[in-house]
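Understanding the architecture of this molecule
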Amino acid sequence: MSSRPEQERRVLINDATLIDGTGKEPLRNTSIAIQGDRIVAIRKAGEIGSFAHAKTIDASGKTVMPGMVESHFHMFLDTEYATGAQSDIDIARPAQWMILSAVRACAMALKCGYTSVVGAGSGHNIDFWVKQAVDKGIFSGPRIIPSSREITSTGGYTDWAPSWWPKVEGLGLVADGPLETLKAARKVMKDGAQIVKIYPSGDGGFIGNYHQYFHDCRREREVMTFDEIDSLAKEVKRWDRLSMAHCRNSTAVRNCLAAGINIINHSSYLTDECWQLYKEKPPLAVCPALGFVWHLNHQDWGNPEYQKAAAYEEEYASCVENMQKLNKIGIRIVPGGDYGQSDIPHGLYAKDLELFVKDCNFSPLETISMATKNGSYLMRMEKEIGTLELGKKADILILEGDPLQDITILQDRTKISMVMKDGKVVASKGKTLSSDWDMLDEDNFELLKRIINPGERAMVSL
Ligand SMILES: [Zn+2]
């Protein structure tokens with residue numbers, strides 16, 4: 001068995017249709033040469049010349065695109081433990097289980113073609129530790145931008161437990177007043193969070209008294225004051241980290257934009273003042289997390305009165321309209337759908353791309369750029385990943401079929417023939433390959449070739 005140093009590992013993906021993620025029209029009959037973890041050439045098929053010692057993958061009739069970014073990822077959440085009673089997140093679900101869920105969700109992300117994930121709130125600081133394990137090669141997972149526990153106010157979203165219960169600090173971190181929010185930000189950043197997640201608004205599901213212990217944190221409620229948000233946002237900036245906010249009402253959006261919060265989630269309701277601020281102080285990105293609300297609207301809650309009162313159908317329609325307008329004024333929009341919540345399991349991530357195309361009327365090409373290039377900006381890694389260009393990291397998908405004709409093929413794991421991260425193949429057709437799986441391993445390479453080109457003779461040139 002041959003063995004070549006990591007930096008010399010060479011792969012040639014031959015004769016593909018290339019969607020490079022920049023938004024440019026696809027290039028047909030294109031070959032991509034990879035050396036080590038980088039793209040070293042992109043040319044017309046046959047023009048690469050001699051690329052000695054390269055393993056060649058015949059990708060004719062297939063589409064090649066960048067690995068995707070899931071921009072609202074809760075790796076610690078899973079549907080087994082999410083019963084709909086949100087307090088279960090902290091009370092019933094042990095941290096040990098959350099870690100297992102996180103490892104499984106990371107493997108799922110790779111299988112689905114997501115080579116990068118951005119945390120959007122993390123129980124027990126799990127994002128950070130899972131990232132350490134992936135970076136050390138203990139198991140195979142996506143690139144992770146780790147998020148913090150979720151900062152809220154007393155009685156705000158994620159402070160579910162009644163005050164007479166013993167304090168359980170899993171997901172929510174309570175801070176009241178600007179001094180406490182500043183301290184909470186320092187605390188989570190000290191623990192390794194790159195994204196500091198806050199809850200300036202409530203949510204539709206917490207209307208009235210439908211939950212046994214957690215009352216009246218409806219979406220309209222101003223859970224955090226401007227001063228609380230402002231003091232936190234400035235501290236996060238001083239540490240050169242990123243802030244992310246759950247904003248289901250316009251007051252939250254206004255306060256967060258004015259305070260310079262980097263990532264606005266949802267942005268469902270907007271006033272003229274919000275639109276003005278979007279133009280004057282654009283955030284790094286907006287992530288509507290459409291998947292979560294779409295699924296809520298397509299589930300039977302078993303309580304029609306409650307489902308109607310929660311008004312997620314109205315919210316979805318308003319959010320879709322806002323995304324169309326935000327896109328027009330040049331705000332960077334990213335897909336990422338809050339998967340892992342009750343009855344919305346991990347693995348459905350690419351549903352968000354379908355919703356962008358079918359409901360927001362974005363073109364499939366721009367939607368793919370939102371999931372790749374825009375995601376890389378959110379990760380502040382736009383020079384390294386997000387598009388397939390010379391010198392960039394080889395985070396590459398090979399697809400059976402054309403996602404520009406049918407964006408839903410990205411939801412079908414059996415149509416994702418190859419998921420490459422950092423020049424290494426990490427998953428194929430819905431199966432992950434072990435972390436030490438390497439293109440230099442002849443047996444594994446032959447296996448991959450049979451998966452991608454069934455019935456064809458291997459074209460290995462050594
Ligand atoms: Zn979320």
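Here is a short report on the structure shown in this document. Predicted, not measured: the structure shown is a model, and the values here were computed from it.

Looking only at helices and strands, the chain has 13 helices and 18 strands in total. Per-residue burial for the chain yields a buried fraction of 59% across its 462 residues. Considering only residue pairs separated by 6 or more positions, the chain has 69% of its internal contacts joining residues 24 or more positions apart. Accessible surface, the chain as shown: approximately 18,200 Å² in total, 50% of it carbon and sulfur.

Within the first shell, the zinc ion binds the protein through His-72 (NE2), His-74 (NE2) and Asp-338 (OD), at distances of 2.1 to 2.3 Å. Binding-site remark: the zinc ion is held by donors from one chain whose sequence spacing is H-x1-H-x263-D. One end of the pair, His-72, is in strand β6 (residues 68–73); the other, Asp-338, is in the loop between α10 (312–328) and α11 (351–358), with 266 residues separating them in the sequence. The residues His-72 and Asp-338 share a single accessibility class, namely buried.

With that settled, consider helix α2 (residues 95–111). Helix length check: α2, at 17 residues, gives a terminal C-alpha distance of 24 Å against a target of 24 Å (1.5 Å per residue), a fit within 8%. Within α2, the full set of buried residues consists of Met-98, Ser-101, Ala-102, Ala-105, Cys-106, Ala-107, Met-108, Ala-109 and Leu-110. Gly-113 sits one or two residues past α2 and shows a positive phi near 90°.

Once that is clear, we can look at the environment of Cys-217. Mapped onto the fold, Cys-217 is located in the loop between β11 (195–198) and α5 (226–238). Taking the relative accessible area as the measure of exposure, Cys-217 reaches 0% and is therefore buried. In sequence terms Cys-217 and Ser-201 are 16 residues apart; their C-alpha atoms lie 8.1 Å from each other.

Moving on, we come to the pairing of strand β17 (residues 424–428). The element β17 is largely enclosed, with a buried count of 4 among its 5 residues. Of the pairings in the sheet, the one linking strand β16 (residues 416–421) to β17 comprises 3 bridges and is antiparallel in character. Bridge pairing links Met-420 to Val-425 in β17. Where β16 folds back onto β17 in an antiparallel hairpin, the turn is made up of 2 residues, including Asp-422, whose phi is positive at roughly 55°. Inspection of the sheet shows β17 paired to strand β18 (residues 431–432) by 2 bridges, in the antiparallel sense. Each residue of the ladder has a partner; that of Ser-428, found in β18, is Lys-431. Following β17, the chain reverses through 2 residues before pairing antiparallel with β18; Lys-429 in that reversal takes a positive phi of roughly 45°.

All right, on to the pattern of salt bridges then. A complete count under the given rule lists 24 salt bridges for this structure. Between Asp-20 and Lys-24 there is a salt bridge, with the nearest N and O atoms lying 3.7 Å from each other. On the basis of relative accessibility, which here comes to 7%, the residue Asp-20 falls in the buried class. Classification of Lys-24 as exposed rests on a relative accessible area of 51%.

Counting 98 residues, the largest nonpolar core has Met-75, Val-130, Ile-151, Ile-198, Ile-261, Ile-264 and Tyr-278 as the members making the most contacts within it. Looking at which element gives the most residues to this core, the answer is α2, with 7 residues. Shared between two domains, this core holds at least three residues of each, these being domain 1 (6–66 + 387–452) and domain 2 (68–378). If near-sequence neighbours (up to four positions away) are discounted, Met-75 is found in contact with Ser-101, Ala-102, Ala-105, Cys-106, Ile-126, Asp-127, Val-130, Ile-144 and His-346. Leu-388, Ala-394, Ile-398 and Met-420 belong to the second-largest nonpolar core, a separate cluster that totals 18 residues.

Calculation criteria
- Residues numbered from 1 in each chain as written.
- Predicted model: local features only at pLDDT ≥ 70, side-chain atom pairs only at ≥ 80, totals over all residues.
- Heavy atoms only, no water.
- Helix = DSSP H or I, 4+ residues; strand = E, 2+ residues; numbered from the N terminus.
- Buried < 20%, exposed > 50% of the residue type's maximum accessible area, 1.4 Å probe, protein only.
- Contact = heavy atoms within 4.5 Å.
- Areas by Shrake-Rupley, 256 points an atom, 1.4 Å probe, with all protein chains shown as cover.
- Donors = N, O, S within 2.8 Å, 3.2 Å for Na, K, Ca; no water.
- Expected span 1.5 Å × (residues − 1).
- Pairing = 2+ DSSP bridges.
- Salt bridge = Lys/Arg side-chain N within 4 Å of Asp/Glu carboxyl O.
- Core = buried A, V, L, I, M, F, W, Y, C linked by side-chain atoms within 4.5 Å.
- Domains from an automatic or database assignment.

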